Amino acid sequence: MFGYVRIRKPELKVKDYEIYQGFYCGLCSELKRKYGFLGQVTLTYDMTFLIVLLSSVYDVPVKKSMERCIVHPGKRHLRLSNGVTEYAAHLNMILTYYHFLDDREDDGSKKAWFGIKAYHKKKEKAAKEYTGLEQRIDKALSELSVLEQRKETDIFQLAGCFGRLMAEIFDYKKDCFSQYLRVLGYHLGRFIYIMDAYDDMVEDGKKGRFNPLLNQRGHPGFEKQVESMLLDEMAAAGEAFQKLPCLEYVDILGNILYAGVWNRYDDIQTEKQKISETLENKVQ
């Protein structure tokens, strides 16, 4: 479900891109240090956004180093890490495990069964660090699973479950900034769920998998309705973001929230336009 919260690279300054990549590399290193290779392969740009956001809100100092790695063996590159990086690494293990549980419910694939077995102990290790948070994540995803199993078509109910999960993740210190962090996380989570459902419609339709948008596809105004839902969620997320005391890395965060999250949506529209043009050419 993750993969949508990324930068829009052409619109980001070079120095900001280097910082962003530095946090990404820092998370990669932390995952390897705490969870080995299986931890490292769960690396996501989405969690990098959380690190940058919380580091900015709480003005968390970063440890800087210039490192080489297997992916970049020829040149040293910036690596940034702090306490938020460690928090994100633990979260990655918890969310990866639940991702495989969700895949097992969807299609029972061998990959899902392998993932559950491979990451169970790692999830348990991470859960010991954040027991209460892991339980709240489990609760939100269990509620979502129940709704999906009964084929609930109200996408706002479904998206709300994922929004509550993200609100819990964003509420890092439960302090005076919690209100705005939770609202930002909630609406970003709802955006991710709706975007993921929209992105998966064709494949879900072919494979006979549940998707709350499938029964509306093809109806007049459907595309505008989806666009409107996504815009509303990001408008609410952006409003909450504006109330947070983000000074450091603010250009990176703005790039992601106001442009990067739309990367995949724009790609889908481009793909649809190409298909439409191909069909028109065949008719002619």
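Note: the structure precedes this text.
If you're wondering where the values come from, they're calculated on a predicted model, not measured in any experiment.

A. Spotlight on the overall build of the chain. Secondary structure assignment for the chain yields 11 helices and 2 strands. For the chain, the α and β elements follow one another from N to C terminus as α-α-β-β-α-α-α-α-α-α-α-α-α. Counting only C-alpha atoms, the chain reaches 60 × 45 × 40 Å along its principal axes. Burial status across the chain gives 48% buried among its 284 residues. Contacts in the chain between residues at least 24 apart in sequence constitute 70% of all its contacts with a sequence separation of at least 6. Here the chain displays about 14800 Å² of accessible surface, and carbon together with sulfur accounts for 53% of that area.

B. Spotlight on the pattern of salt bridges. Applying the stated criterion across every chain yields a total of 21 salt bridges. With a closest N to O distance of 3.3 Å, Lys 15 and Asp 16 form a salt bridge. The exposure class assigned to Asp 16 is buried, which follows from its relative accessible area of 5%. Its salt-bridge partner being Asp 204, residue Arg 209 comes within 2.9 Å of it at the nearest N-O pair. With respect to class, Arg 209 is no different from Asp 204; both count as buried. Salt bridges here are not isolated pairs; linked through shared partners, they connect Arg 136, Glu 168, Asp 171 and Arg 182.

C. The arrangement of the environment of Glu 143 in detail. Relative to the assigned elements, Glu 143 resides in helix α5 (residues 131–149). For the pair Glu 143 and Ala 235, spaced 92 residues apart in sequence, the C-alpha separation works out to 26 Å. With near-sequence residues (within four places) excluded, Glu 143 lies in contact with Cys 161 and Arg 164.

D. Layout of unusual backbone geometry. We note that Asp 59 has phi near 50°; this positive angle belongs to a residue other than glycine. Accessibility expressed as a relative area gives 59% for Asp 59, which makes it exposed. Its identity as a non-glycine residue notwithstanding, Tyr 249 has a phi of 65°, on the positive side. Looking at the secondary structure, you find Tyr 249 in the loop between α9 (222–242) and α10 (250–258).

E. Geometry of helix α7 (residues 178–199). Here α7 is 22 residues long and its end C-alpha atoms lie 31 Å apart, about the 32 Å a rise of 1.5 Å per residue gives. Most of α7 sits out of view: 16 of its 22 residues are buried.

F. Local environment of the packing of aromatic side chains. Counted under the stated rule, the structure contains 14 aromatic pairs. Ring centres 5.3 Å apart and planes at 75° place the aromatic pair Phe 191 and Trp 262 in the edge-to-face group. Here the residue Phe 191 occupies a position in helix α7, and Trp 262 occupies one in the loop between α10 and α11 (263–283), the gap between them amounting to 71 residues. A cation over a ring is seen here: Lys 125 above Tyr 35, with NZ or CZ 4.8 Å from the ring centre.

Calculation criteria
- Residues numbered from 1 in each chain as written.
- Predicted model: local features only at pLDDT ≥ 70, side-chain atom pairs only at ≥ 80, totals over all residues.
- Heavy atoms only, no water.
- Helix = DSSP H or I, 4+ residues; strand = E, 2+ residues; numbered from the N terminus.
- Buried < 20%, exposed > 50% of the residue type's maximum accessible area, 1.4 Å probe, protein only.
- Contact = heavy atoms within 4.5 Å.
- Areas by Shrake-Rupley, 256 points an atom, 1.4 Å probe, with all protein chains shown as cover.
- Salt bridge = Lys/Arg side-chain N within 4 Å of Asp/Glu carboxyl O.
- Expected span 1.5 Å × (residues − 1).
- Phe/Tyr/Trp six-rings, centres within 6.5 Å; stacked < 30°, edge-to-face > 60°.
- Lys NZ or Arg CZ within 6 Å of the ring centre and 35° of its normal.

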